[in-house]
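Examination of the molecular architecture
Spelled out, the chains give:
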Amino acid sequence: MGKSTIILFLLTAMLACNKLLPDAPADDEILDGPLAGLTGEENAIFIRGDVAFNDDVFTSAKGLGPLFVATSCGSCHAGDGKGHPFTTLTRFGQSDTVNGNVFLHRGGPQLQNRAIPGFVPEQIPAGATSSKFTPPANTGLGFLDAVPDASILALADPNDANGDGISGRPNWITPKSYSSFRPNSISQNGKYIGRFGKKAATYDLLQQTATAYNQDIGITSVYEPVDTYSGQDIGAEVSEQTVLDVVFYLQTLKAPVQRNPNDADVIAGKQLFLNIGCDKCHTPRLTSGPSTIAALSNKTFFPYTDLLLHDMGSGLNDGYTEGIALPQEWRTPPLWGLGLSKNSQGGSYFLLHDGRARSIEEAILLHGGEGVQSRTAFQQLNTSDKSKLIKFLESL
Amino acid sequence: MRKIVAIVFVLVMTGSAIGQIDPSLLRRIPKDTSGLQMNMDAVYNRPFLQVGKLPVALGGYAEANYQYLQQDGVTEGHQFQMRRVSVFISSSIVNRIKFLSEIEFEDGAKEIGIEFASLDIEFNPLLNLRGGIVLNPIGAFNQNHDGPKWEFIDRPIPATQMLPATFSNAGFGFYGKKYKKDWVYAYEVYLTNGFDDQIISNTENKTFLPASKENPDRFEESFSGSPLLTGKVAVRNNKIGELGLSYMGGVYNKFEEDGLVLDKKRRVNVFAVDFNTTVNASKTFINAEWAFVKVDVPDTYTEQFGEKQQGGFIDFVQPLFTKNIFGFEKSVINAALRLEYVDWNKGNFISTGENISDYIFSIVPAISWRPTAQTVLRFNYRYYWQKDILGNPPSKLAGFQFGIATYF
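Overview of the structure. Remember, predicted model here, so these are calculated numbers, not experimental data. (Residues numbered from 1 in each chain as written. Chains lettered and ligands numbered in written order. Predicted model: local features only at pLDDT ≥ 70, side-chain atom pairs only at ≥ 80, totals over all residues.)

Section: the interface of chain A and chain B
By a widespread convention, an interface's size corresponds to the accessible area lost as its parts come together. Going by this rule: Residue pairs qualify as contacts under a 7 Å threshold applied to their C-beta atoms, which are placed from the backbone. Labels follow the DSSP assignment, with helices taken as runs of H or I lasting at least four residues and strands as runs of E lasting at least two, numbered in each case from the N terminus. Residues are sorted three ways: Asp, Glu, Lys and Arg are charged, Ala, Val, Leu, Ile, Met, Phe, Trp, Tyr, Cys and Pro are nonpolar, and all the rest, Gly among them, are polar.
The partner chain B presents 39 residues to the 35 residues of chain A that form the contact. For the side of chain A that touches chain B, the secondary-structure elements that each account for two or more residues are helix H1 (3-15), helix H2 (17-20) and strand S3 (114-115) of chain A. Considering each element in turn, the side of chain A that touches chain B owes the most residues, six residues, to H1 of chain A. Of the residues in the side of chain A that touches chain B, the class split is 19 nonpolar, 13 polar and three charged.

With respect to the sheet that holds strand S5 (residues 171-173) of chain A
All names here are of chain A. What counts, and what does not: For two strands to count as paired, DSSP must find a minimum of two bridges between them.
Read from one edge of the open sheet, three strands run S5-S7-S6, paired in antiparallel fashion. Taken across any chain shown, the strands that pair with only one partner, and hence form the sheet edges, are S5 and strand S6 (187-188). Note that S5 and strand S7 (residues 191-194) share three bridges and pair antiparallel. Each residue of the ladder has a partner; that of Asn171, found in S7, is Gly194.

What about the environment of Asp227 of chain A?
Residues and elements named next belong to chain A. The residue Asp227 is located in the loop between helix H7 (205-217) and helix H8 (240-252) in this model. For the pair Asp227 and Asn214, spaced 13 residues apart in the sequence, the C-alpha separation amounts to 7.3 Å. Those residues in contact with Asp227 that lie beyond four places of it in its chain are Thr220, Gln232 and Ile234.

Looking at the pairing of strand S7 (residues 127-135) of chain B
On any regular strand, side chains alternate: one points to one face of the sheet, the next to the other face. Residue and element names in this part refer to chain B. Pairing analysis gives seven bridges linking strand S6 (residues 111-124) to S7, with the strands arranged antiparallel. Bridge pairing links Ser118 to Gly132 in S7. Hairpin connection of S6 to S7: two residues between the antiparallel strands. In this sheet, strand S8 (residues 168-180) lies alongside S7 in antiparallel orientation, the contact comprising eight bridges. Considered in S8, the bridge of Ile133 is made with Ala170.

Structural data, given as structure tokens:
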């Protein structure tokens, strides 16, 4: 090969620009990205929130800790997906619904298991029960936030009046003073419906965000000004605007896009999902109410959750709880985005509330309590049908 | 701001003054072409311009470029950058006593720093005292990093983001060389101020030694109160090449203050090996460097900040033509290739026992044209992919860069 040919080859290769620049992943291959239909102004806020969520790393100079779990929001939610045991949270101190968290004065409810140099991380106090919580995916949270209370209550059947063995109920909680009530909120004895978190003990995304800054990163805000280490009100270490930008970002992340919905196995798997009653808790379709964000208003979406608490049996009872949820009760986790979980969990699954299930099948088999009927039905499927059902779940 | 104005004023006036001088008074100081120049000689082995018989020589280099990069389908568009302008001033005070300083302006005037400012006193070729602001000789790139010497627009990732390229500190030390037939043996050893706890507390969210470059106080005080030891031994043979082994280490944290103990002493240790050679048959220049970093990170901190890092790069530069192009006699066209790799966090997760990922791999093919040895026009294609700490699907970045760099 002559020297001129080498140069020509190199120049041609370099100038074949479009082929040499990495494409964006397909929309259904990633969880992050904004809702379709945001205005220019909303896109600008989304970008600010994106930067704060994914790029803003806290150091001790910026207020990190001194006790903390992670150094940034993105550390726990890579690509806005589920988390990894590396950043799994530990909560402790409340073993029943009567006495509440009796270890608040000992650092509860959340364990800050890391510390900046020179400080000692928290330990779980003797006598406290605890549970580990794998960080959830962030996508589609705005839709879940916009579901009217009445829609959630319509799915509830706390006394199993229809006798199907499923008795979902909301977690009635006391919202933080800074939370704004949704339009047409429904209250019961001064309590409101929680919908975020493993135990549905969080009212809205503002509470979720402000407490995550505070409890996970050790960063105070005007909403949560008390330092987790000193117990003192130390003022805001992150601006109110940044907190609100992150809330907006979480609200306006797109819903996961299903892959291969027309694949024959996926269609058959979906039918099996319905046949064995998974949909009784993992409600496929919900509809949002009116929202100040037009792209979220009155939309039908497919999260596969009813946002209600269900008894999952003694096997999933860690002896820890929040609000009025019993220790064995867990909020139905949305299944959308399930198939992309591995892409944020380092290539393998860490499912259920604490990541103990290393495959979708294992997660199904660990269902107890209200999930026993569906689990048993799944076990009775032949290998081919099990495969189709899992293929459907992985398409979500 | 007043400092910046003063510096700009001096530079403008210096330029004007030189412009008024009869060019015949300007004299190029011949470079040492003995062929036994080593990386450690790079600070003085630069083209300088001397005015008449003044004992002061001036020099410098500038780098500018255009780039279009795209990461995972997203681009920031067309970017023009004035990466850096460096000005050298050297002075032979008397024979065997000299002073050299280098002031660098990066990204316009966003960063201005004295990169090098040291007084050298030669007692013997084997024993020279150097004091002032010195470049810590870890690896080869840190010693020999002038833009016009390279066929690549970006500096090597392992040398700039794992090792702190152009890491200079206030301190003292010795260096020397011994010639024996075709061989030359050299050493450097310095005690300087050094790192601080930003290396494990920074917005890169990983152990990042260059974070300490953000601490301007290192020129007047040591953060830890302990000296940073940097040493290098190197050997060169004209027919084989140059091999260097270097070490840099010291306490990086503030372990006590006002006599009160804050923490135990925590060390950072860096080892590097570098090699360069020219294959006689093909005139292919090969330059490689590999380094290991070990940092004592508190067990109770976060695995986000790794205790061990390793990485390196290898450059191949192949001259293709040496001919008269556009009237530039003996101008050279080169094809070049750089491969780079850094593992930011070697080890396993405590929680799962699985490997911590967090690495970057890069490949950069290039074409360069050198109308003179001191000036280079470069066209690079850069492609890299990096995985996060968990090993999720990689982020990919690629793009094109065109740049010029020249000594002046």
